Amino acid sequence: QVQLVESGGGLVQAGGSLRLSCAASGPISNINAMRWYRQAPGKQRELVAAITRSGSTNYADDVKGRFTISRENAKKTVYLQMNSLKPEDTAVYFCNAEVYVLTLPLGIDYWGKGTLVTVSS
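Just so you know, these numbers come straight off a predicted model, no measurement behind them.

**So, the state of the cysteines**
Formally, a disulfide is one covalent bond, and it connects the sulfur atom of one cysteine to the sulfur atom of another.
Inference 1: In this structure the tally under the stated criterion is one disulfide.
Inference 2: Across the disulfide from C22 sits C95; the S-S distance is 2.1 Å. The S-S bond linking C22 to C95 shows a torsion near -80°; that makes this disulfide left-handed. Taken together, the positions of C22 in strand β3 (residues 18-25) and C95 in strand β9 (residues 91-101) put the pair 73 residues apart, joining distant regions of the chain.

**Here's the deal with the pairing of strand β10 (residues 107-111)**
Inference 1: Across five bridges, β9 lies against β10 in antiparallel orientation. Looking at β10, one finds that Y100 is bridged to G107.
Inference 2: In this antiparallel pair of consecutive strands, β9 and β10, the connection spans five residues.

**Topic: the environment of G16**
Inference 1: Mapped onto the elements, G16 comes out in the loop between β2 (10-13) and β3.
Inference 2: Using a relative accessible area of 17% as the deciding quantity, one classes G16 as buried.
Inference 3: It is 20 Å that separates the C-alpha atoms of G16 and E6, two residues lying ten residues apart in sequence.
Inference 4: If sequence neighbours within four positions are ignored, G16 has contacts with M82, N83, S84 and L85.

**Focus on the packing of aromatic side chains**
Inference 1: Taken as a whole, this structure holds one aromatic pair when the rule is applied.
Inference 2: Geometry around Y79 places R19 over its ring, the cationic atom sitting 4.1 Å from the centre.
Inference 3: Lying across the ring of F94, R45 places its NZ or CZ 3.7 Å from the centre.

**Some remarks on the sheet that holds strand β1 (residues 3-7)**
Inference 1: Taken in spatial order, the four strands line up as β1-β3-β8-β7 in an open sheet, and their pairing is antiparallel. Strand pairing shows two members of the sheet lacking a second neighbour, β1 and β7 (67-72), which therefore form its edges. In this sheet, neighbouring strand axes are inclined to one another by 15° on average, regardless of whether the strands run parallel or antiparallel.

**A few points about the pattern of salt bridges**
Inference 1: Summed over the entire model, instances satisfying the criterion amount to six salt bridges.
Inference 2: With its nearest N and O atoms 3.0 Å apart, the salt bridge here joins D89 to R38. Of this pair, D89 sits in the loop between β8 (77-82) and β9 while R38 sits in strand β4 (residues 28-39), and the two are 51 residues apart along the sequence.
Inference 3: Judged by its relative accessible area of 1%, D89 falls in the buried class.
Inference 4: Residue classification places R38 among the buried positions, given a relative accessible area of 4%.
Inference 5: Linking D89 and R66 is a salt bridge whose minimum nitrogen-to-oxygen distance equals 2.7 Å. Here R66 lies in the loop between β6 (57-59) and β7 and D89 lies in the loop between β8 and β9, a separation of 23 residues in the sequence.

What counts, and where the lines are drawn
Residues numbered from 1 in each chain as written. Predicted model: local features only at pLDDT ≥ 70, side-chain atom pairs only at ≥ 80, totals over all residues. Heavy atoms only, no water. Disulfide = S-S within 2.5 Å. Helix = DSSP H or I, 4+ residues; strand = E, 2+ residues; numbered from the N terminus. Pairing = 2+ DSSP bridges. Buried < 20%, exposed > 50% of the residue type's maximum accessible area, 1.4 Å probe, protein only. Contact = heavy atoms within 4.5 Å. Phe/Tyr/Trp six-rings, centres within 6.5 Å; stacked < 30°, edge-to-face > 60°. Lys NZ or Arg CZ within 6 Å of the ring centre and 35° of its normal. Axes fitted to C-alpha atoms, helices over the stretch in contact; angles between N-to-C directions. Salt bridge = Lys/Arg side-chain N within 4 Å of Asp/Glu carboxyl O.

In structure tokens form, the structure reads like this:
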């Protein structure tokens, strides 16, 4: 069974940094796009950053210049380096990936359970 497991969340002061990780496991033949989403209390889930298998990236406007997404394909892991954190970055951060399972011909979107990031002012 394919699983995505996030780690690295926690409590940090405004201006601080955190690094999130998301590791995929299971019968995986390939992973295409990997993404980080976040959901703040009372708000809809929003895309924060995405990265293709070849390393092309895109970011939400409000995190450009502060967050960096990267991945290690051999480790089936995606990272989100978050710098200059602001209280408005407080949210549960979810990992998402388009995964090709060994026995299936099509990619399937999988989600992690999320990791909480709290930024205090």
